[in-house]
Amino acid sequence: MLKKYLFCLIIILGMVPNIVKASDNSAAKIGNNYYDNLKDAIAAAKSTDTITLTSNVVLEDSLIIDKVINLNLNGRNISGPSKVFQVEGGTLNLSGTGKIAETEPNYGAVFIKGSTDPLENEYSVVNVGKDIILEGWSGIFVANNGSKAYGVEVNLEGSINAVKDTSGGTGIGIYVNGNINHPDNHPIVNIKDGANIKADGIGLYIAGFATFNINKASITGTEAGIGIKSGILNINGALQAIGFALLVLFFVFTNS
């Protein structure tokens, strides 16, 4: 009889979900699995997983995103010296509430590189939820990769706070590097309804060829609301763009 009861107990215990308890200093979790640092959680994550922060994260180095990462800040913050996230060949989906900030502003909270292959689509994609704040010299920095940036897409619903860099250079909310000059498969930036960009400098600086689609957003810069040298600027609905109380366009043209 005792053996029978022991056997039943083993069966019941085997049916209890396998829960990995959080350590006191856990940084993130995926389901019931907890990780002491965010880098390990990112390495373990599959494209269908959501990483949820369980505490504030302070980084020593950038986090490289080269696959699909779904990250819920869950009311926490992530900070790092520079280029907090580097997205190249991956998708970064940011949700929940929280801030991602450079502690030594130099490039941006999110640094993006596109592909050198002109046929590559959705190579580097960043989606920023409505309650996410990006803070740094830029919120989003679109870099050139051998003067190329194929397959780059950004969707911003949240907020950006661009501050001076460590040398005192004024910040730029979203920056597209000026060496990006291909009109085909160029970066696409969609600024959604309710997005808010503030810069101690220029709200948007489109130095390289890109398309910006702006919908009912607020863009503020101490030097200019929007500066564009190359590319396409589509403004849909009401736009508040202020730079010394003016919308400033440096040069506006479309390459053919």
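Data block above holds the structure.
Here the structure is a predicted model, which means the values were calculated and not measured. (Residues numbered from 1 in each chain as written. Predicted model: local features only at pLDDT ≥ 70, side-chain atom pairs only at ≥ 80, totals over all residues. Heavy atoms only, no water.)

Asks: Sorry, what's going on with the packing of aromatic side chains here?
Replies: Two measures describe an aromatic ring pair: the distance that separates the ring centres and the angle between the ring planes. Tallied over the full model, the rule gives seven aromatic pairs. Here Phe-111 and Phe-141 contribute two aromatic rings whose centre-to-centre distance is 5.2 Å and whose plane-to-plane angle is 25°, an arrangement assigned as stacked. Within this pair, whereas Phe-111 is found in strand S11 (residues 110–113), its partner Phe-141 is found in strand S14 (residues 140–143), the two being separated by 30 residues in sequence. Using a relative accessible area of 8% as the deciding quantity, one classes Phe-141 as buried. Their ring planes at 75° and their centres at 5.8 Å tell us that Trp-137 and Tyr-175 sit as a pair that is edge-to-face. Here Tyr-175 lies in strand S17 (residues 171–176) and Trp-137 lies in the loop between strand S13 (132–136) and S14, a separation of 38 residues in the sequence. (Phe/Tyr/Trp six-rings, centres within 6.5 Å; stacked < 30°, edge-to-face > 60°. Helix = DSSP H or I, 4+ residues; strand = E, 2+ residues; numbered from the N terminus. Buried < 20%, exposed > 50% of the residue type's maximum accessible area, 1.4 Å probe, protein only.)

Asks: Explanation requested: the sheet that holds S14 in the structure shown.
Replies: Within a sheet, adjacent strands bond to each other through the backbone by hydrogen bonds, running parallel or antiparallel. Strand order across the open sheet formed by seven strands is S5-S8-S11-S14-S17-S20-S23, with parallel pairing between neighbours. Each edge of the sheet is formed by a strand with only one pairing partner; in this case those strands are strand S5 (63–65) and strand S23 (224–228). Across this sheet, the average inter-strand angle for adjacent strands is 20°, counted without regard to direction. Where S11 meets S14, four bridges bridge the pair, whose relative direction is parallel. By the bridge assignment, Val-110 is partnered in S14 with Ile-140. (Pairing = 2+ DSSP bridges. Axes fitted to C-alpha atoms, helices over the stretch in contact; angles between N-to-C directions.)

Asks: Before we go on, may I ask you to explain the pairing of strand S16 (residues 159–162) in this structure?
Replies: Every other side chain in a regular strand lies on the same face of the sheet, so the side chains alternate between the two faces. Along S16, the buried face is formed by Ile-160 and Ala-162; none of Ser-159 and Asn-161, which line the opposite face, is buried. Alignment of S13 against S16, held across four bridges, turns out to be parallel. Within the sheet, the bridge partner assigned to Ile-133 lies in S16 and is Ser-159. Pairing between S16 and strand S19 (residues 196–199): four bridges, direction parallel. By the bridge assignment for S19, Ala-162 is matched with Ala-199.

Asks: Is there a simple way to explain the side chain of Asp-49 in this structure?
Replies: Mapped onto the fold, Asp-49 is located in the loop between helix H2 (38–44) and strand S3 (51–53). The side chain of Asp-49 is buried and forms no salt bridge, while Lys-46, the nearest opposite charge, is found at 6.0 Å. A polar atom in the side chain of Asp-49 sits 2.8 Å from the backbone nitrogen of Lys-46. The residues touching Asp-49, leaving out its near neighbours within four places in the chain, are Ile-30, Ala-44 and Asn-70. (Lys, Arg positive; Asp, Glu negative; His and termini not counted. Salt bridge = Lys/Arg side-chain N within 4 Å of Asp/Glu carboxyl O. Polar contact = N/O pair within 3.5 Å; in protein donor to acceptor, adjacent residues only side chain to side chain. Contact = heavy atoms within 4.5 Å.)

Asks: How do you make sense of the sheet that holds strand S2 (residues 33–35) when you look at a structure like this?
Replies: Taken together, ten strands build an open sheet; the order of strands is S2-S1-S3-S6-S9-S12-S15-S18-S21-S24 and the sheet is mixed. Every other strand in the sheet has two partners, leaving S2 and strand S24 (232–236) as the edge strands with one partner each. For this sheet, the mean angle separating the axes of adjacent strands, direction not counted, is 15°. Relative to S3, strand S1 (residues 28–30) runs antiparallel, the two sharing three bridges. Paired with Ala-28 across the bridge in S3 is Leu-53.

That's the geometry; what it means functionally is another story.
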